Amino acid sequence: MLAGVVGRAELHIPWAKLGSEPARVQLDRVLLIVAPQCEEALLPCEHERSFRAKQRRLDAHEARRALSCDAAAAPKPQRGFFSKLAAKLQENLQLDLTNVVIRYADSSFGRSPFSVSLALDSLKLRKLEVAGAAEEGAAGGARAAGGLAKVVHLTGLSVCCAE
């Protein structure tokens, strides 16, 4: 990531009704500029060190994945108060992103740099409200299996490619 700016950030937490009312995160005027890491700029020793670090992260991920497969077969322990509260907060979380621009720029192609910009007016993430019993099976099943049931509203999405 080369640069990032958030024009306005708001966090609304209903402390008195933490488990029943949604916590809201609002971010406005978000700009991110990203670019690939230049491989030629790395010295050979830095390149080797970077490769070893990536390999360690990959090995750790594989170990966690193997443990989670083993843990899925074992009986699950009872969840405590804080884990239940965290799950409820995650379920009730509302996220509002407005006026977002993400730009990817790559100048490794020589004299003509390449860029892709993604812009959106708003992205809203809300809890899926289940209306009827027929829908309850689908949404309730996702939550029972450990998943989240969320609705995403996108408005004003545009993509621009430039050379």
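Residues numbered from 1 in each chain as written. Predicted model: local features only at pLDDT ≥ 70, side-chain atom pairs only at ≥ 80, totals over all residues. Heavy atoms only, no water.

Engineer: Talk me through the overall build of the protein chain; I want residue IDs and the actual numbers.
Structural biologist: Summing up its helical and strand segments, the protein chain has three helices and six strands in all. For the protein chain, the sequential pattern of α-helices and β-strands runs β-β-α-α-β-β-α-β-β. Classification of the 163 residues of the protein chain by burial places 13% in the buried group. Within the protein chain, residue pairs in contact and separated by at least 24 positions form 66% of the contacts whose partners lie at least 6 positions apart. Carbon and sulfur atoms provide 61% of the accessible area of the protein chain, an area that totals close to 12100 Å². (Helix = DSSP H or I, 4+ residues; strand = E, 2+ residues; numbered from the N terminus. Buried < 20%, exposed > 50% of the residue type's maximum accessible area, 1.4 Å probe, protein only. Contact = heavy atoms within 4.5 Å. Areas by Shrake-Rupley, 256 points an atom, 1.4 Å probe, with all protein chains shown as cover.)

Engineer: Please set out the nonpolar core residue by residue, giving values where relevant.
Structural biologist: Core analysis: the largest hydrophobic core is formed by five residues, namely Val30, Leu97, Val100, Leu120 and Leu123. Put simply, the parts of the chain that give this core at least two residues each are β3 (94-106) and β4 (114-127). Those residues in contact with Leu97 that lie beyond four places of it in its chain are Leu27, Asp121, Ser122 and Leu123. (Core = buried A, V, L, I, M, F, W, Y, C linked by side-chain atoms within 4.5 Å.)

Engineer: Tell me about the pattern of salt bridges, and name the residues and values.
Structural biologist: If you walk through the whole model with that rule in mind, you get six salt bridges. Between Glu10 and Arg8 there is a salt bridge, with the nearest N and O atoms lying 2.4 Å from each other. Since its relative accessible area comes to 28%, Glu10 is described here as partly exposed. Note that Asp28 and Arg29 form a salt bridge whose closest N and O atoms lie 3.0 Å from each other. Overall, the relative accessible area of 8% leaves Asp28 in the buried class. (Salt bridge = Lys/Arg side-chain N within 4 Å of Asp/Glu carboxyl O.)

Engineer: Hey, could you go over the side chain of Asp106 for me, with residue numbers and the actual values?
Structural biologist: Residue placement: Asp106 occurs in strand β3. Of the buried charged residues, Asp106 lacks a salt bridge, with Arg103 as the closest side chain of opposite charge at 11 Å. Among all residues touching Asp106, those that are not within four sequence positions of it are Pro36, Pro113 and Phe114. (Lys, Arg positive; Asp, Glu negative; His and termini not counted.)

Engineer: Which residues make up a nonpolar patch on the surface, and what values do they have?
Structural biologist: On the surface, a nonpolar cluster with roughly 210 Å² of combined accessible area is contributed by Val5, Leu31 and Val101. Looking at the secondary structure, you find Leu31 in strand β2 (residues 24-34). Overall, Leu31 belongs to the partly exposed group, its relative accessible area being 35%. (Patch = residues over 30% accessible without salt bridge, like charges linked within 9 Å, V, L, I, M, F, W, Y side chains within 5 Å.)

Engineer: Can you lay out the packing of aromatic side chains for me, pointing to particular residues and giving the numbers?
Structural biologist: As enumerated under the stated definition, the model contains one aromatic pair in all. Relative to Phe82, the ring of Phe81 lies with its centre 5.3 Å away and its plane at 75°, an arrangement referred to as edge-to-face. What makes Phe81 exposed here is its relative accessible area of 61%. (Phe/Tyr/Trp six-rings, centres within 6.5 Å; stacked < 30°, edge-to-face > 60°.)

Engineer: I'd like to hear about the environment of Ser115, residue by residue, with values.
Structural biologist: Counting through the fold element by element, Ser115 comes out in strand β4. According to the relative accessible area criterion, Ser115 is buried, its value standing at 10%. A sequence separation of 48 residues divides Ser115 from Glu163, and the C-alpha atoms of the two residues are 6.3 Å apart. Apart from the residues within four sequence positions on either side, Ser115 is in contact with Arg103, Tyr104, Ala105, Cys160, Cys161 and Ala162. A distance of 3.5 Å separates the side chain of Ser115 from the side chain of Arg103, its partner in a polar contact. (Polar contact = N/O pair within 3.5 Å; in protein donor to acceptor, adjacent residues only side chain to side chain.)

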